[in-house]
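Here are the chains, one letter per residue:
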Amino acid sequence: MNCIIIDDEATARAIVKQLCSKIPDLDVIEEFDNAISAIKFLNQQQIDVIFLDIHMPGFSGVDFVQTLKNPPHIVLTTSDTNFAIEAYEYECIVDYLVKPITQERFEKCINKIESIGNQDSKSQKTTQPDAIEGEDLYINIDRRLIKLKLSEILVIEAKGDYIDVKTEKEEYRVHTTLKKIKEKLPEKLFLQIHRSYIINFTKIIDIEDNSVLIAKNVVPISRSNRPELMRRLNLL
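Treat the numbers as computed from the prediction; the structure is a model and nothing was measured.

### Focus on the overall build of the chain
Moving on, step 1. Along the chain, the regular secondary structure elements total seven helices and 15 strands.
Moving on, step 2. Buried residues in the chain amount to 42% of all 236 residues.
Moving on, step 3. Here the contacts in the chain between residues at least 6 apart in sequence split such that 48% fall between residues at least 24 apart.
Moving on, step 4. Counting only carbon and sulfur atoms, one obtains 46% of the accessible surface of the chain, whose full area is about 13900 Å².

### Describing the nonpolar core
Across soluble globular proteins, nonpolar side chains show a tendency to be buried alongside one another.
Moving on, step 1. By size, the foremost hydrophobic cluster in this structure holds 22 residues, and its most contacted members are I4, I6, L42, I50, L52, F64 and I74.
Moving on, step 2. Those elements giving two or more residues to this core turn out to be β1 (2-6), α2 (35-42), β3 (49-53), α3 (61-67), β4 (73-78) and β5 (93-98).
Moving on, step 3. In terms of residue count, α2 provides more of this core than any other element does, four residues in total.
Moving on, step 4. L52 has contacts with I6, G61, F64, V65, I74, V75, L76 and T77, leaving out every residue within four places of it along the chain.
Moving on, step 5. One finds I146, L185, F190 and I198 within the second-largest nonpolar core, a separate group that totals 18 residues.

### Re the layout of surface pockets
Moving on, step 1. By volume, the second largest pocket is sized at about 430 Å³.
Moving on, step 2. If you go around the second largest pocket, you meet 17 residues; those closest to its centre are Q46, I47, N70, P71 and P72.
Moving on, step 3. Breaking the lining of the second largest pocket down by element, the ones donating at least two residues are α2 and α5 (103-125).
Moving on, step 4. Classifying every residue of the lining of the second largest pocket gives eight nonpolar, six polar and three charged.

### Some remarks on the environment of P57
Moving on, step 1. Here P57 shows up in the loop between β3 and α3.
Moving on, step 2. Spatially, the C-alpha atom of P57 lies 9.9 Å from that of D33, the residues being 24 residues apart in sequence.

### So, the sheet that holds strand β9 (residues 162-167)
Moving on, step 1. Taking strand neighbours across the sheet as the criterion, the five strands line up as β10-β9-β8-β12-β11 in an open arrangement whose pairing is antiparallel. With partners counted over all chains shown, the strands left at the sheet margins are β10 (171-174) and β11 (190-194), one partner each. Within the sheet, the average angular offset between the axes of one strand and its neighbour, ignoring direction, is 20 degrees.

### Focus: the sheet that holds strand β15 (residues 217-220)
Moving on, step 1. Read across the open sheet, the three strands follow the order β13-β14-β15; overall the sheet is antiparallel. The sheet terminates laterally at β13 (204-208) and β15, the two strands that pair on one side only. Along the sheet, successive strands turn relative to each other by an average axial angle of 25 degrees, direction set aside.
Moving on, step 2. In this structure, strand β14 (residues 211-214) lies alongside β15, joined through four bridges in antiparallel fashion. Bridge pairing in β15 places V212 opposite V219.

### Some thoughts on the side chain of S211
Moving on, step 1. Secondary-structure assignment places S211 in strand β14.
Moving on, step 2. The class for S211 is buried, based on a relative accessible area of 19%.
Moving on, step 3. In contact with S211, not counting residues within four places along its chain, are D206, V218, V219, P220 and I221.

### Focus: the packing of aromatic side chains
Moving on, step 1. Evaluation of the coordinates by the stated rule reveals two aromatic pairs.
Moving on, step 2. Considering the side-chain rings of F32 and F41, the 5.3 Å spacing of their centres and the 55 degrees angle between planes classify their relative orientation as tilted. With respect to burial, F32 and F41 carry one shared label: buried.

### A short note on the pairing of β13
Moving on, step 1. Pairing between β13 and β14: four bridges, direction antiparallel. For I207, the partnering residue across the bridge sits in β14 and is V212.
Moving on, step 2. Hairpin connection between β13 and β14: a loop of two residues separates the two successive antiparallel strands, and D209 in this loop has a positive phi of roughly 55 degrees.

The rules we used
Residues numbered from 1 in each chain as written. Predicted model: local features only at pLDDT ≥ 70, side-chain atom pairs only at ≥ 80, totals over all residues. Heavy atoms only, no water. Helix = DSSP H or I, 4+ residues; strand = E, 2+ residues; numbered from the N terminus. Buried < 20%, exposed > 50% of the residue type's maximum accessible area, 1.4 Å probe, protein only. Contact = heavy atoms within 4.5 Å. Areas by Shrake-Rupley, 256 points an atom, 1.4 Å probe, with all protein chains shown as cover. Core = buried A, V, L, I, M, F, W, Y, C linked by side-chain atoms within 4.5 Å. 1 Å grid on protein atoms, 1.4 Å probe; cavity = no way out; pocket = protein on both sides within 12 Å on 5 of 7 lines; lining within 4 Å. Points joined across faces, edges and corners; volume = space filled by probe spheres on them. Nonpolar A, V, L, I, M, F, W, Y, C, P; charged D, E, K, R; others polar. Pairing = 2+ DSSP bridges. Axes fitted to C-alpha atoms, helices over the stretch in contact; angles between N-to-C directions. Phe/Tyr/Trp six-rings, centres within 6.5 Å; stacked < 30°, edge-to-face > 60°.

Next comes the structure, spelled out in structure tokens:
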């Protein structure tokens, strides 16, 4: 793997570079003291990993992440522990290393990145991969990570810049989009049946005209999504 280091402190860059030097097949191809220069570099080069400091003058690490259209794996390197939960909102951020970084912790980070790469390779070989592994979904509410069982999620409804996740027991409002949450849901359980709704189609009680009943929720079906729902239910 190749990587770059972005940190406004020369000492911090040197430490990360030293940590990288002890990892076989991990090559530091460039380092930057500001995010703007890194953006220009990334327009010309393709890399695998970015080690990124959060707090930099002028253009922060968060600003940098938000500018990337097809980001590689990003590892945050920072002394600020307060950003850990918010980091989970960015799918490209794969780990969060708090300074001072030990070699042992750094190696765990690299192992995680390699594991993700192996999973991506397997996914490309399957015809219909699940969006996530396991049986749980983590949602971020007021800087708290809440674990939901996928099997208990009934309906997800878009509400502007938020979504309402309705489970068998409770309802949660999450600051994200329907598109982002859809990418994290396995197709074997979930289907978008309307521009504002994703359902767990295994929980359907009844179908009538242009709506489905899930628990006490009546959910509309758009004309364009109805054929796929029928196919999933083996009704075609």
